[in-house]
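# Fold and contact review
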Amino acid sequence: TVLRDALHGQETANFELRFQSRDSDGKPLGVVVLLLSATARLDSTGAIVGVVSIGQDITEHKSLEERKMRFMAVVSHELRSPIHGICGLSDTLALSEKDATRQRKLKMITNCSTRLLDLVSNIMDISSMRTKSLKLNIEPCNLTQLVEETVQMLNHATDKHGRPVKRPAVKLV
C-alpha cells in the first residue's frame, strides 16, 4: 500500500521490511531489517512517472533495541520483589508505631517505596508499549499528601556529596 500511495501522490510513512538473508549456498544467515521510505517521482510537468524509494539497514539498531528491552524487563522484574518487601515491612511498622513523628516517617517510606514500585512497573510497561498492549490505569491520588511528602523529602534530601539539595533560603510551603 505504501508504493500505491506514493504512485497516487499521497504522503507515505517510513516502513520496515524484514528479509531472510542467505549465504551463497542458500543457507539462512539471519534476518535483515530495512527502513524504507517512498515518494512519488514527478516529471517536468508534475505528472507522477514512478516512485523513488530509499532504504537503510537498521538490523543492528533493532538488535540492540531488543536486547535493551529484554535487559530492562529482567532488571525491573528483579527489583520488584525487594521493593514489595520494603512496602510491606514499612507499612507494618507504621501501623504498630505509637510515636506520631516516627509513624509519619514510616508512612513516607511506604509511600516512596510504592512510587518506586510504580516506576519499576512503568519500566516493565515500556515493552508493552512496543507491542501496543499497554493499558493505562487511572487512579485517584491525594495531591495534598503527595505535595506534603515531597516537601518533607526535599527538606531532608542531600546530593551525592552530602550537601542539602534545597538551599536554606528557599521556603517550601
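Everything that follows concerns the structure shown earlier in this document.
Definitions and limits used
- Residues numbered from 1 in each chain as written.
- Predicted model: local features only at pLDDT ≥ 70, side-chain atom pairs only at ≥ 80, totals over all residues.
- Heavy atoms only, no water.
- Helix = DSSP H or I, 4+ residues; strand = E, 2+ residues; numbered from the N terminus.
- Rg over C-alpha atoms; globule rule 2.2 N^0.38 Å.
- Buried < 20%, exposed > 50% of the residue type's maximum accessible area, 1.4 Å probe, protein only.
- Contact = heavy atoms within 4.5 Å.
- Lys, Arg positive; Asp, Glu negative; His and termini not counted.
- Charge placed at Lys NZ, Arg CZ, Asp CG, Glu CD.
- Salt bridge = Lys/Arg side-chain N within 4 Å of Asp/Glu carboxyl O.
- Pairing = 2+ DSSP bridges.
- Axes fitted to C-alpha atoms, helices over the stretch in contact; angles between N-to-C directions.
- Expected span 1.5 Å × (residues − 1).
- Bend = angle between axes of the 7 residues up to and from the residue.
- Patch = residues over 30% accessible without salt bridge, like charges linked within 9 Å, V, L, I, M, F, W, Y side chains within 5 Å.
- Areas by Shrake-Rupley, 256 points an atom, 1.4 Å probe, with all protein chains shown as cover.
- Polar contact = N/O pair within 3.5 Å; in protein donor to acceptor, adjacent residues only side chain to side chain.

### With respect to the overall build of the chain
Each helix and strand in the chain was counted, giving four helices and three strands. Going from the N terminus to the C terminus, the chain shows its helices and strands as α-β-β-β-α-α-α. For 173 residues, the compact-globule estimate of 2.2 N^0.38 gives 16 Å, and the C-alpha radius of gyration of the chain, at 27 Å, exceeds that figure by more than 25%. For the chain, the spread of C-alpha atoms along the three principal axes comes to 80 × 45 × 35 Å. Counting every position in the chain, which comprises 173 residues, the buried fraction comes to 16%. Once local pairs closer than 6 in sequence are excluded, the contacts in the chain between residues at least 24 apart make up 38%. Of the charged side chains in the chain, 24 are positive and 20 negative, and the gap between their average positions amounts to 6 Å.

### So, the pattern of salt bridges
As enumerated under the stated definition, the model contains four salt bridges in all. The residue R102 makes a salt bridge to E97 at a minimum N-O spacing of 4.0 Å. R102 gets classed as exposed once you look at its relative accessible area, which sits at 55%. For E97, a relative accessible area of 22% corresponds to the partly exposed category.

### Observations concerning the sheet that holds strand β2 (residues 28-42)
The sheet built from three strands is open, its strands ordered β1-β2-β3 with antiparallel pairing. Taken across any chain shown, the strands that pair with only one partner, and hence form the sheet edges, are β1 (15-22) and β3 (48-57). The sheet shows a mean angle of 35° between the axes of neighbouring strands, direction not considered. Bridge analysis of β2 against β3 gives nine bridges, and the strand direction is antiparallel.

### Here's the deal with helix α2 (residues 59-96)
The terminal C-alpha atoms of α2 lie 56 Å apart, and with 38 residues this matches the ideal 56 Å at 1.5 Å per residue to within 8%. Maximum bend of α2: about 25°, positioned at R80, with proline P82 one to four residues after it. Listed in full, the buried residues belonging to α2 are K62, E65, M69, S76, I83, C87, S90 and A94.

### Concerning a nonpolar patch on the surface
Residues L154, V165, V170 and L172 make up a contiguous nonpolar surface patch of roughly 290 Å² in combined accessible area. With respect to the helices and strands, the residue V170 is situated in the segment after α4 (143-156). What makes V170 partly exposed here is its relative accessible area of 36%.

### Digging into the pairing of β1
The pairing of β1 with β2 spans eight bridges and is classified as antiparallel. By the bridge assignment for β2, R22 is matched with P28. Here β1 folds back onto β2, and the loop between the two strands holds five residues, one of which, G26, carries a positive phi near 90°.

### Remarks on the environment of D23
Here D23 is to be found in the loop between β1 and β2. At 2.9 Å, the side chain of D23 forms a polar contact with the backbone nitrogen of D25.

### As for the environment of T114
Structurally, the position occupied by T114 is in helix α3 (residues 100-130). Linking T114 and I83, residues 31 residues apart in sequence, is a C-alpha distance of 7.8 Å. Here T110 takes part through its backbone oxygen, which lies 2.8 Å from a polar atom of the side chain of T114.

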